[in-house]
Amino acid sequence: MAIPLLIDTDPGIDDALALLLAFASPEVSVEAITTVAGNVPVERCTANVCRVLEVLKLSRQPLVAQGASKPLVRSLVSAGHVHGEDGLGDLHRFSDADGSPRYPPVEPRLAPGDGPDLILECAARFDGELVVVALGPLTNLALALQRDSRRLASIRRLVVMGGAVACPGNVTPVAEFNFYVDPEAAARVLQAGLPLELIPLDVTRQTVLSRSALDGSLAACPGPIAQFVSDFTLKGFAFGADSGEGGLTLHDPLALAVALDPSLVSSEALHVAVECGGSLTRGMAVADRRPLPAQHKRPPNCRVAMSVDACRFLALFLDRLCRASR
Ligand code: BDR
Ligand code: CA
């Protein structure tokens, strides 16, 4: 039986790749997608989810709900410079041979209620079975927690892409983007006693996709989906080259892959808190890695991925991407 999955996301180039990975994976059944403001404003994130679904032409559509339009207490900080102003690599640039836009606007079809409501509804419907993968700021999860913490606690796993535990951040010297954007939400979700698995920059930075590997893989499965992937990742590769990452870093696809196969990473049980007060340290993930006896520290509140089999992950990712494109 495929595991029911809910993806909370802010697409985002790497979020869109994670969605494609999920839909090509028989281990899971994507039941719902909720959007959250992050890489771009939430309406754009929703439009981008609908774009991915439109290109995939699935026979069975997941429910889609739009979530929080801003962090719990702060203004939105977005990342159009990384993902394009539309969040998907500026797709308006592409036209077909006859001059018509290759990606005309898609009409969103949304479930009733908002993102946090849909998270809670799925937690109830798939009692004890639902796996949630959170790929953006944790605002929707924090709101779901506020509305019904017991129901949220019934989920089977919560896999979160976020934080920089023992490595530098990617927005500030110490903070990773998803935690930086909504530190209060991240702090509340980490304190909530949920079955949380953290996939921080420490491991995602090791999963860098090269243009040649992607092109080689897509050449084996040409068609509209391969064309779409090639188009929306262009901007991501440009950013990767400028920033010295040497390719497209697969932050969100790695988190999704861990939901499919936890053995891709090795994890440590740690107590992690998120800095909400500091002016230099906003959104910093503070993990207690002191070599003290357990009784002298706060108990672990999550499992943190500290190493990854990057080769095995990249092979899985490219194989599934090709599957999605057929
Ligand atoms: C995270 O930030 C976003 O820009 C990516 O989509 C990913 O979720 C990496 O820090
Ligand atoms: Ca993301």
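About the thresholds
Residue positions are counted from 1 within each chain, in the order its sequence is given. Whichever chain is written first becomes A and whichever ligand is written first becomes 1, with later ones labelled in order. Thresholds applied to this predicted model are a pLDDT of at least 70 for local features of residues and 80 or more for the giving and counting of side-chain atom pairs; totals over whole chains, interfaces and linings are not thresholded and use all residues. Side-chain metrics in this entry use all non-hydrogen atoms of the structure; hydrogen atoms and water are not considered. Each helix is a run of H or I in the DSSP string that is no shorter than four residues. Each strand is a run of E no shorter than two, and both are numbered from the N terminus. A radius of gyration in this sense is built from C-alpha atoms; the matching globule rule multiplies 2.2 Å by the number of residues raised to 0.38. Type-normalised accessible area, obtained with a 1.4 Å probe on protein chains alone, sets the label of each residue: buried when under 20%, exposed when over 50%, and partly exposed for intermediate values. Contacts are residue-level and defined by heavy atoms, with any inter-residue pair within 4.5 Å sufficient. Note on areas: Shrake-Rupley with a 1.4 Å probe; residue coverage comes only from the protein chains shown. Any pair of N or O atoms that falls within 3.5 Å is considered a polar contact. Within protein, one atom must be able to donate a hydrogen and the other to accept it, and sequence-neighbouring residues count only if both atoms are side-chain atoms. Given the number of residues in a helix, its expected span is that number minus one, multiplied by 1.5 Å. Following DSSP output, two strands are said to pair if at least two bridges run between them. Throughout this description, the term nonpolar core refers to a set of buried Ala, Val, Leu, Ile, Met, Phe, Trp, Tyr and Cys residues connected via side-chain atoms within 4.5 Å. For helices, the axis comes from a line fit to the C-alpha atoms of the stretch in contact; other axes are also lines fit to C-alpha atoms, and the angle between any two N-to-C directions lies between 0 and 180 degrees. Consider each residue's heavy atoms; a residue with any of them within 4 Å of a molecule or strand counts as near. Under the convention adopted here, Pro, Cys and the residues Ala, Val, Leu, Ile, Met, Phe, Trp and Tyr are nonpolar, Asp, Glu, Lys and Arg are charged, and Gly plus all remaining residues are polar. For Na, K and Ca the donor cut-off is 3.2 Å; for every other metal, N, O and S atoms count as donors within 2.8 Å. Water does not enter the count, which can leave sites looking incomplete. Think of it this way: a Phe, Tyr or Trp ring, Trp meaning its six-membered ring, pairs with another when their centres are within 6.5 Å, and the plane angle makes it stacked under 30 degrees, edge-to-face over 60, tilted otherwise.

**Things to note about the overall build of the protein chain**
The helix and strand tally for the protein chain stands at 13 helices and 12 strands. The C-alpha radius of gyration computed for the protein chain amounts to 18 Å, which stays within 12% of the reference 20 Å derived for 326 residues, consistent with globular compactness. Principal axes of the C-alpha set define a box for the protein chain whose edges measure 70 × 45 × 40 Å. A burial count over the protein chain gives 57% of its 326 residues as buried. Put simply, of all contacts in the protein chain between residues at least 6 apart along the chain, 83% involve residues at least 24 apart. Per element, the accessible surface of the protein chain, about 13,200 Å² overall, is 54% carbon and sulfur.

**Some points on the environment of Ser230**
Here Ser230 shows up in helix 11 (residues 224-242). Of the residues examined, Ser230 reaches a relative accessible area of 22% and is grouped as partly exposed. Measuring from C-alpha to C-alpha, the distance between Ser230 and Ser210 comes to 12 Å, with 20 residues separating the pair along the chain. Contacts of Ser230, omitting those with residues within four sequence positions, involve Arg211 and Leu218. A polar atom in the side chain of Ser230 sits 3.3 Å from the side chain of Arg211.

**Comments concerning helix 13 (residues 310-325)**
If you check helix 13, its first and last C-alpha atoms are 22 Å apart, about what 16 residues at 1.5 Å a residue would give, namely 22 Å. All buried positions along helix 13 are accounted for by Ala310, Phe313, Leu314, Leu316, Phe317, Leu318, Arg320, Leu321, Cys322, Ala324 and Ser325.

**Focus: the pairing of strand 1 (residues 3-9)**
Most of strand 1 is tucked away, with six of its seven residues classed as buried. The sheet contact formed by strand 1 and strand 4 (residues 131-134) spans four bridges and is parallel. Along strand 4, the bridge assignment pairs Ile7 with Val133.

**Examining the nonpolar core**
The biggest cluster of nonpolar side chains holds 60 residues, and the ones touching the most others in it are Leu5 and Phe232. The leading source of residues in this core is helix 1 (residues 13-23), at eight residues. Once you skip the residues sitting within four places of it in the chain, Phe232 turns out to touch Ile13, Ala16, Leu17, Leu20, Leu88, Gly89 and Leu91. Core analysis: the second largest hydrophobic core is formed by 39 residues, Ala65, Ala123, Leu152 and Ala187 among them.

**Looking at the sheet that holds strand 5 (residues 157-161)**
Here eight strands make up an open sheet; going across it, the order is 3-2-1-4-5-6-12-9 and the pairing mixed. At either margin of the open sheet sits one strand with a lone partner, and together these are strand 3 (63-66) and strand 9 (265-270). Across the sheet, the mean angle separating the axes of adjacent strands is 25 degrees when strand polarity is ignored. Sheet contacts for helix 2 (residues 42-56): strand 1, strand 2 (28-35) and strand 3; angle to strand 2, the most-contacted strand, approximately 150 degrees.

**What to know about the site of ligand 1**
Surveying the vicinity of ligand 1 reveals the residues Asp14, Asp15, Asn39, His83, Leu135, Met161, Asn170, Glu176, Phe177, Asn178, His251 and Asp252. Asn39 is positioned with one of its side-chain polar atoms (N or O) 2.6 Å from an oxygen atom of ligand 1. The contact in question runs from an oxygen atom of ligand 1 to an N or O atom on the side chain of Asp252, over 2.7 Å. Contributing elements (two or more residues each) for the shell around ligand 1: helix 1, helix 7 (177-181) and helix 12 (251-260). Taken together, the residues of the shell around ligand 1 sort by class into three nonpolar, five polar and four charged.

**Some thoughts on the coordination of the calcium ion (ligand 2)**
Only Asp10 (OD), Asp15 (OD), Asp15 (OD), Leu135 (O) and Asp252 (OD) from the protein coordinate the calcium ion (ligand 2), and they sit 2.3 to 2.6 Å from it. Each donor residue of the calcium ion (ligand 2) lies on one chain, and together they are spaced D-x4-D-x119-L-x116-D.

**Here we look at the packing of aromatic side chains**
Aromatic rings in a pair are described by how distant their centres are and how their planes are angled relative to each other. Using the criterion set out here, one finds four aromatic pairs in the structure. When the centroid spacing of 5.7 Å and the interplanar angle of 50 degrees are considered together, the rings of Tyr103 and Phe228 count as tilted. One end of the pair, Tyr103, is in the loop between helix 3 (80-83) and helix 4 (115-125); the other, Phe228, is in helix 11, with 125 residues separating them in the sequence. Like Phe228, Tyr103 is buried. Ring geometry for Phe313 and Phe317: centres 6.0 Å apart, planes at 35 degrees, overall tilted. Within this pair, Phe313 and its partner Phe317 are both found in helix 13, separated by four residues, close to a single helical turn. By the burial criterion, Phe313 is buried, and Phe317 matches it.

**Regarding the pairing of strand 5**
Counting buried residues along strand 5, five of its five residues qualify, which places the element largely inside the surrounding structure. In the sheet, strand 4 pairs with strand 5 via four bridges, with the strands oriented parallel. Across the sheet, Val133 pairs through a bridge with Val159, a residue of strand 5. Here strand 5 pairs with strand 6 (residues 196-199) via four bridges, running parallel.

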